[in-house]
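# Secondary and tertiary structure notes
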Amino acid sequence: MKLYIKPGACSLSPHIALEESGLDYETETVDLKTKRTKGGEDFNHINPKGYVPALLLDSGELLTEGPAILQYVADQAPAKKLAPANGTIERYRLQAWLNFIATELHKSCTPFFNPASGDEWKKIAGANLERRLGYVDEQLADKPYLLGEAFSVADGYLFTVLSWMPFIKIDLSKWANLTAFVERVSARPAVQAVLKTERLG
């Protein structure tokens, strides 16, 4: 498998999942401005959506969208328990978290990375993020990870989005549980390896 990434972007999440899974994979960086891969290919020909992450499967098929890639990776290594079994209520809880992170946290960060966005848009998005982060902090009050005692692909996704907070001037220190969560996840060997590979740590 080959994962197309931009260091520090949302592709960090499936990169963490792949490293945690123990599966064989490789990565290739993409310049999202020029739409060229490190190998010189036109990324738009690989993924017409034009953004990362994108996972090229050994079959030649391409899988896009972070939450879908995360669940695919988890299902290829069931012994690692990165996602609850399909059909269980726990799996639907995982999907609920993935959806929440994608729509309420990830997308609320968009204005801060878009040069065309105005101050009013950023203000609204920032207020939404503050409310949503407070909710997640409450959910982590009695457990180390989003689903309980075990790390899942949703935790890697949350960690990725939280890693952007310093860049958009949101101080996580006001939320003790989120701060502890970031420290806990960042200490995982697989996460350390990915951060080193992407030159983020």
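Quantities reported herein were computed from a predicted structural model and do not represent experimental measurements. For every chain, the first residue of the written sequence is number 1, and numbering continues from 1 along that sequence. pLDDT decides what is reported in this predicted model: residues at 70 or higher carry local features, side-chain atom pairs at 80 or more are listed and counted, and totals for whole chains, interfaces and linings draw on all residues regardless. The basis for every side-chain value is the complete set of heavy atoms in the structure, and neither hydrogens nor water enter the calculation.

### A look at the packing of aromatic side chains
Stacked, tilted and edge-to-face are the three classes assigned to paired rings of Phe, Tyr and Trp, where Trp is represented by its six-membered ring and a pair needs centres within 6.5 Å; plane angles under 30 degrees give stacked, over 60 edge-to-face, the rest tilted. Tallied over the full model, the rule gives 6 aromatic pairs. Ring centres of Phe113 and Trp164 lie 6.1 Å apart, and the angle between their planes is 75°; on these two criteria the pair is classed as edge-to-face. With Phe113 in the loop between helix H4 (89–106) and helix H5 (119–139) and Trp164 in the loop between helix H6 (153–162) and helix H7 (176–186), the pair connects residues that are 51 residues apart, well separated along the chain. An aromatic cluster is present here, built from Trp97, Phe100 and Tyr135 joined pairwise through their rings. In our convention, an over-ring charge means Lys NZ or Arg CZ found within 6 Å of a ring centre and within 35 degrees of that ring's normal. Positioned above the aromatic ring of Phe151, the side-chain terminus of Arg188 is 4.1 Å from the ring centre. Numbering of helices and strands runs from the N terminus, with a helix taken as a DSSP run of H or I at least four residues long and a strand as a DSSP run of E at least two residues long.

### Some thoughts on the nonpolar core
Here, nonpolar core refers to any group of buried Ala, Val, Leu, Ile, Met, Phe, Trp, Tyr and Cys residues whose side-chain atoms link them within 4.5 Å. Each residue's exposure class comes from its accessible area (1.4 Å probe, protein chains only) as a fraction of the maximum for that residue type: buried when under 20%, exposed when over 50%, partly exposed otherwise. Judged by nonpolar contacts, the single largest core of 50 residues is most densely connected at Leu105, Leu133, Val136, Leu158 and Met165. Counting only elements with at least two residues in this core, the list comes to strand E1 (2–5), helix H1 (12–21), helix H3 (66–76), H4, H5, H6, H7 and helix H8 (189–197). Counting 7 residues, the second largest nonpolar core, distinct from the first, contains Tyr4, Val30, Ile46 and Val52.

### Quick word on the pairing of E1
Of the two faces of E1, the one carrying Lys2 and Tyr4 and the one carrying Leu3 and Ile5 are both buried. Each pair of strands is called paired provided DSSP finds at least two bridges between the two strands. The pairing of E1 with strand E2 (residues 26–31) spans 4 bridges and is parallel. Residue Leu3 lies in a different strand from E2, and its bridge partner there is Thr27. For the crossover that starts at E1, traverses H1 and ends in the parallel E2, the hand is right-handed. Bridge count for E1 against strand E4 (residues 54–56) is 3 bridges, and the pairing is antiparallel. Residue Tyr4 lies in a different strand from E4, and its bridge partner there is Ala54. A clockwise path from the first strand over the helix to the second, with the strands pointing away from the viewer, defines a right-handed crossover.

### Quick notes on the environment of Pro7
Within the secondary structure, Pro7 is located in the loop between E1 and H1. When its relative accessible area of 35% is taken as the criterion, Pro7 is described as partly exposed. For the pair formed by Pro7 and Asp119, sequence separation is 112 residues and the distance between their alpha carbons is 27 Å. Here, two residues are considered to be in contact whenever any of their heavy atoms come within 4.5 Å of each other. Beyond its immediate sequence surroundings of up to four residues, Pro7 is in contact with Thr29, Glu198 and Leu200.

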